[in-house]
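Analysis of the macromolecular model
In case you want the letters, here they are:
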Amino acid sequence: MNLLDHRPGTSPVHRAPLGVKYAVLLVLTVVLVAWRQPVVVGAVLTGVLGLYLLARLPGEFLAPWRRGWPLLAFAGVARFASGVFGPVPLSPLDALGPALVVMAAVFGALAAARLLVITTPGTELLDGLAHFFGAFRRFGVNPEAAALAVNVMLRTIPWVGAAVRAHAEALASRGLRRGPVRLMGPVLVATVGHARATGEALAARGLPAAPEPKPPGPDYTRGA
């Protein structure tokens, strides 16, 4: 089953208005990004777990970790390296704590975003995103195309994680070391192929709908 498939239900989280869900997600994400202290991150994770329990989906809480561990590991390793080799070098032991906090913060943001997606029907998500992007129509933004792009992006994230896992297992089966350098090339090629296939599938369905072109020549509908 896809990581972002909708899980129907009648819980308060399922019935909450989409605007409220987005507002909660925004607040949680801002807190995780702005205050990466262990106590704050732990409190947010507890709150997100509470929302999963309220949605009657406790078994889904760890799904971002099971499916998205390469992304979380990359974030942790990057933070660890910046601590050890940064302008003010830390010892490996001192750099380990901040790295784990960053991994927990990224996990919390993914879990919160996933809860919004799996408790909201896809059509409602697209309508809400299109309504949001409608405010930018005056700047040349196509709301329907922007909403579809965000939806495709969200559904591509677990696909990339699965591609990383599949190529890592393929390397291990051949007795090769599963390093990031060996994984980067095959995963990049597979991701580009997936993007092209997705674009061709959308184009075959006429999505996103292109705006009607304005006829050339002077506009005679206006008064002199």
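Rules used in this analysis
- Residues numbered from 1 in each chain as written.
- Predicted model: local features only at pLDDT ≥ 70, side-chain atom pairs only at ≥ 80, totals over all residues.
- Heavy atoms only, no water.
- Helix = DSSP H or I, 4+ residues; strand = E, 2+ residues; numbered from the N terminus.
- Buried < 20%, exposed > 50% of the residue type's maximum accessible area, 1.4 Å probe, protein only.
- Contact = heavy atoms within 4.5 Å.
- Areas by Shrake-Rupley, 256 points an atom, 1.4 Å probe, with all protein chains shown as cover.
- Phe/Tyr/Trp six-rings, centres within 6.5 Å; stacked < 30°, edge-to-face > 60°.
- Salt bridge = Lys/Arg side-chain N within 4 Å of Asp/Glu carboxyl O.
- pLDDT = per-residue confidence, 0-100.
- Core = buried A, V, L, I, M, F, W, Y, C linked by side-chain atoms within 4.5 Å.
- Axes fitted to C-alpha atoms, helices over the stretch in contact; angles between N-to-C directions.
- Left-handed = near helix turned anticlockwise from the far one by under 90°.
- Nonpolar A, V, L, I, M, F, W, Y, C, P; charged D, E, K, R; others polar.
- Expected span 1.5 Å × (residues − 1).

Turning to the overall build of the protein chain, a few remarks are in order. What the protein chain contains, in helices and strands, is eight helices and zero strands. Going residue by residue from the N terminus, the α and β elements of the protein chain occur as α-α-α-α-α-α-α-α. For the protein chain, with 224 residues in total, the buried portion stands at 29%. For the protein chain, long-range pairs separated by at least 24 residues make up 65% of all intrachain contacts whose partners lie at least 6 apart in sequence. Here the protein chain displays about 14,200 Å² of accessible surface, and carbon together with sulfur accounts for 70% of that area.

A separate point is the packing of aromatic side chains. If you walk through the whole model with that rule in mind, you get two aromatic pairs. Residues Tyr 52 and Phe 61 carry aromatic rings whose centres are separated by 5.5 Å and whose planes lie at 75° to one another, so their mutual orientation is edge-to-face. For Phe 61, a relative accessible area of 10% translates into the label buried. Seen in terms of ring centroids, Phe 61 and Phe 107 are 5.3 Å apart; in terms of plane orientation they differ by 85°. Their pairing is edge-to-face. Placement of Phe 61 in the loop between α3 (38-54) and α4 (63-84) and of Phe 107 in helix α5 (residues 92-118) is noted, with a sequence separation of 46 residues between them.

Under the defined criterion, the tally for this structure stands at two salt bridges. Among the ionic pairs, Arg 7 bridges to Glu 60, the shortest N-O distance being 3.4 Å. Of this pair, Arg 7 sits in the segment before α1 (12-15) while Glu 60 sits in the loop between α3 and α4; the two residues are 53 residues apart in sequence, bridging distant segments of the chain. In this structure, Arg 7 and Glu 60 share a single accessibility class: buried. Here Glu 60 and Arg 114 are joined by a salt bridge, their closest N and O atoms 2.6 Å apart. Pair noted here: Glu 60 is in the loop between α3 and α4 and Arg 114 is in helix α5, with a separation of 54 residues, a long-range link. Summarising the burial analysis for this pair, Glu 60 and Arg 114 share the class buried. Connected through salt bridges with shared partners, the residues Arg 7, Glu 60 and Arg 114 form a single ionic network.

To continue, consider the confidence of the model for the protein chain. Detailed reading of the predicted model is not advised wherever pLDDT is low. Looking at the protein chain as a whole, the pLDDT averages 81, with 85% of positions reaching at least 70. Of all helices and strands in the protein chain, the one with the weakest mean pLDDT is helix α7 (residues 143-173) (74), whereas α3 scores best (95).

Considering soluble globular proteins, one finds that nonpolar side chains tend to be buried as a cluster. If you look at the biggest cluster of nonpolar residues, it comprises 25 residues, and the most contacted ones within it are Val 41, Val 48, Tyr 52, Phe 61, Phe 107 and Ala 111. Counting residues per element, the ones that place at least two in this core are α2 (18-34), α3 and α5. A per-element tally of this core places α5 first, with ten residues. In contact with Ala 111, other than residues within four places in its own chain, are Val 48, Tyr 52, Phe 61 and Pro 64.

We now examine unusual backbone geometry. Residue Arg 56 is not a glycine yet carries a positive backbone phi of 60°. By the element assignment, Arg 56 lies in the loop between α3 and α4. By relative accessible area, which is 56% here, Arg 56 ends up exposed.

Below, the discussion takes up the packing of α4 against α5. Look at α4 against α5: their axes get within 8 Å of each other, and the N-to-C directions meet at 145°. As for the relative orientation of α4 and α5, their crossing is right-handed in sense. Here Ala 63, Pro 64, Trp 65, Leu 71, Leu 72, Ala 73, Ala 75, Gly 76, Arg 79, Phe 80, Gly 83 and Val 84 of α4 come into contact with α5, specifically with Pro 92, Ala 95, Leu 96, Pro 98, Ala 99, Val 102, Met 103, Val 106, Phe 107, Leu 110, Ala 111 and Arg 114. In terms of residue class, the contact of α4 with α5 is made up of 20 nonpolar, two polar and two charged.

Under the 1.5 Å per step criterion, the end-to-end length of helix α6 (residues 122-133) is 16 Å for twelve residues, consistent within 8% with the ideal 16 Å. Inspection of α6 places Leu 125, Gly 128, Leu 129, Ala 130 and Phe 133 among the buried residues, and these make up the whole buried set.

This part is about the side chain of His 14. In this fold, His 14 is placed in helix α1. Residues in contact with His 14, not counting those within four places in the same chain, are Arg 7, Pro 8, Gly 9, Lys 21, Ala 55, Leu 57, Ile 118 and Thr 119.

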